[in-house]
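Understanding the architecture of this molecule
Listed below, chain by chain, are the residues.
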Amino acid sequence: LFYALDNPSMPLKTKMVIYGALGYFISPIDVIPDFIPVVGFTDDIGVLAAAVVMAASYIDAEAKAKADAATGKRRMFISVLPGEQVEVAVAEEGSLLEYYLDMLHQRKIKGNIYKGVIHNIDTNLQAAFVSYGAGKNGFLQIDEIHPEYWQAHHEPAKGKKFPPIQKVLKAGQEVLVQVVKEPTGNKGAFLTTWLSLAGRFLVLTPGQEQIGVSRKVENDEERARLREMMNGIDPGQGLGVIVRTVSAGTTKTTLKNDLQYLKRLWRDIRKKATEVSAPALIHQEPGLSERAVRDYLTDDVCEIWVDNEDVAQGIRDTVSLLFPRKKDLVRLHGDIRQSMWERFNLRRQLDQIYSREVILPSGGRLVFDQTEALMAIDINSGKISGKGNFEAMAYKTNMEAAETIARQLRLRDIGGQVVIDFIEMRDKKHVLDVEKTLRQAMKNDRARHDVARMSSFGLLELVRQRTGSSALAITMEPCPACGGTGQRRNLEWQALQGLRELRRMLRATNGEKCV
């Protein structure tokens, strides 16, 4: 009974029964009036039996939940601070796999569609800067411009796929653009006129008359089945469709319904674009909680935990349409004494995202340093250095680091060039094993990436596409004391400079009398 009471997530009715049973044997007269309506018994055996049965059923339920989690199924967590912030995390067997953060006062604009005006054209960069009504002008390269916006006909020259931008575009021209990459630092948003609208199962691509299947659908039979189904579905003139990964196993009717929704959405966007003056927002991507259900909810997610009743109800309505058989998929976290992250032991892993160092299971350390050009990751053997065979130690540490780095790249949403300094290994087989482990761990990454080979110095380079504004970019700012370098002048240097200035001032007033 006491073991069951230890868990703070126990339902209130179960606690009433157990507390009542314990109190009954201490002071039956005080407890009976309130306790009888709950258990329906007045004798000793009945009271004890009711308490034990309810406690045992609760413990069994908890054991079943732990067993379900141990089968490798994933859980999704959505934490909401109403009107301010939304957090989404995906975990498997207690290990954090993905983390997304959206602060509503600086909401992400990736995926939004704007009606913009070309502000100026840079012939050296072969790009246009577009005023679209959201901060700095966006960057639009010549290869991201749909031919329908070209002001003059162009015949492709030999060896040149695209025309000179100054010959097909002009300043003041209106264009419909979509944000591909969030603005970062001093750089504006990266824009495109090749628009795409994502649904649950399909992506509609106006202006591209093609039907394709996501490259992440690796099963050849499933790819063939999806292509066969799409052959009987006509997207419409001037429209293309890409079948998303989550469509695996779905029906033709489901795909048709998703396509009809996307076509209605595209009609509304085109209508609004003709009615408003540039620059203006035409279409806004859904909030993070809605996108999480649309983009990240897959068959292997066994539970969705939400700590806000209104949001939970909205997600239940959506999930009931996507997974009619999974009625109990969405669960509400209502314990006010601890956060959802603390309840599922994810707080430490979340805090580690913002840390410069990450501890490996065997005691080694990863050190992340962001520079202007790249992200440098150093691997230190830490506590296990100098113990036993060096090659075995290096191999074990590097294998752990390869898996952890792939996960941290996702959690931190690190984009651009990444250089990893592995502990140098002499055995070529060990080098190949580490490379294979890193590539295998990166397969689950939603972002496009390319992993190179390890050099003879233990350096490995990779490039990764940033999927949006990371939690670090949203919540961190340069230190006002050091300017973001992580270092500052020491006290000795500052004291000497003060002494130098004091000496200068004394000599200026007293001349040669100052010693």
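See the structure shown above.
Values in this document were obtained by computation on a predicted structure and should not be read as measured data.

1. Observations concerning the sheet that holds strand 11 (residues 211-213)
Spatially, the four strands line up as an open sheet ordered 9-10-12-11, and their pairing is mixed. Since the sheet does not close on itself, it has two edges, and those belong to strand 9 (197-198) and strand 11, each with one partner. Relative to the sheet, helix 7 (residues 252-275) contacts strand 9, strand 10 (202-206) and strand 12 (239-243), its axis offset from that of strand 10 by approximately 35°.

2. Some remarks on helix 13 (residues 428-442)
Taking 1.5 Å per residue, 15 residues should reach 21 Å; helix 13 reaches 21 Å between its end C-alpha atoms and fits that length. Among the residues making up helix 13, those that are buried are H430, V431, D433, V434, E435, T437, L438, A441 and M442. Buried residues belonging to helix 13 abut helix 12 (390-412), strand 19 (416-421), strand 20 (449-454) and strand 21 (459-464). Of the residues that open helix 13, the one with a side-chain oxygen 2.9 Å from the backbone nitrogen of K429 is D427.

3. A few points about the pairing of strand 1 (residues 74-81)
When a strand is regular, its side chains alternate between the sheet's two faces. Along strand 1, seven of the eight residues are buried, which leaves the element largely enclosed by surrounding structure. Note that strand 1 and strand 14 (residues 301-306) share five bridges and pair parallel. Considered in strand 14, the bridge of R75 is made with E303. Note that strand 1 and strand 2 (residues 85-92) share eight bridges and pair antiparallel. By the bridge assignment, V80 is partnered in strand 2 with V86. Taking the residues that link successive antiparallel strands as the turn, the strand 1-strand 2 hairpin has three residues, and the phi of G83 there is positive, at about 75°.

4. A look at the sheet that holds strand 19
The strands making up a sheet associate through backbone hydrogen bonding, with each pair oriented either parallel or antiparallel. Spatially, 16-17-18-19-21-20 is the arrangement adopted by the six strands of the open sheet, whose pairing is mixed. Edge positions in the sheet fall to strand 16 (357-359) and strand 20, since each has one partner strand and no second. Taken pair by pair, the neighbouring strands of this sheet meet at an average axis angle of 15°, ignoring direction. Across the sheet, helix 12 is in contact with strand 16, strand 17 (365-370), strand 18 (374-380), strand 19 and strand 21; its angle to strand 18 comes to roughly 150°. Contacts from helix 13 reach strand 19, strand 20 and strand 21 within the one sheet, and its direction differs from that of strand 20 by about 175°.

5. As for the packing of aromatic side chains
A complete count under the given rule lists seven aromatic pairs for this structure. Between the aromatic rings of Y114 and Y132, the centroid separation amounts to 5.0 Å while the plane-to-plane angle is 65°, which identifies the pairing as edge-to-face. Of this pair, Y114 sits in strand 4 (residues 113-122) while Y132 is found in the loop between strand 5 (127-131) and strand 6 (138-141), placing the two residues 18 residues apart along the sequence. Classification of Y132 by relative accessible area gives buried; the value is 1%. Ring centres 6.1 Å apart and planes at 40° place the aromatic pair F139 and F190 in the tilted group. One end of the pair, F139, is in strand 6; the other, F190, is in strand 8 (residues 190-192), with 51 residues separating them in the sequence. Members of the aromatic cluster, connected to one another through ring pairs, are F77, W305, W341 and F344. Positioned above the aromatic ring of F368 is the side chain of R412, whose terminal nitrogen or guanidinium carbon lies 4.1 Å from the ring centre.

Conventions and cut-offs
- The residue numbers shown here count from 1 along each chain, following its written sequence.
- Totals for whole chains, interfaces and linings use all residues, but because this is a predicted model, local features are given only for residues with pLDDT of at least 70 and pairs of side-chain atoms are given and counted only at 80 or more.
- Side-chain measures here rest on the full set of heavy atoms in the structure, leaving out hydrogens and waters.
- Any two strands with at least two DSSP bridges between them are considered paired.
- The helix count covers DSSP runs of H or I at least four residues long, the strand count covers runs of E at least two residues long, and both are numbered beginning at the N terminus.
- The criterion used for residue contact is that any of the two residues' heavy atoms lie within 4.5 Å.
- Every angle, taken between N-to-C directions, lies between 0 and 180 degrees, and every axis is a line fitted to C-alpha atoms, over only the stretch in contact when it is a helix.
- Expected helix span is taken as 1.5 Å per residue step, with the number of steps being one fewer than the number of residues.
- Buried residues are those whose accessible area, probed at 1.4 Å on protein chains only, stays under 20% of the maximum for their type, while exposed residues exceed 50% and partly exposed ones sit between those limits.
- Whenever a nitrogen or oxygen atom comes within 3.5 Å of another N or O atom, the pair is scored as a polar contact, on the condition that within protein one atom can donate a hydrogen and the other can accept it, and that pairs from neighbouring residues in sequence are kept only if both atoms are in side chains.
- Working definition: rings of Phe, Tyr and Trp (its six-membered ring) pair if their centres are within 6.5 Å, and the pair is stacked with planes under 30 degrees apart, edge-to-face with planes over 60 apart, and tilted otherwise.
- Charge-over-ring contacts are defined here by two conditions on Lys NZ or Arg CZ: a distance within 6 Å of the ring centre and an angle within 35 degrees of the ring normal.

Without other data, these values stay purely geometric and don't point to any function.
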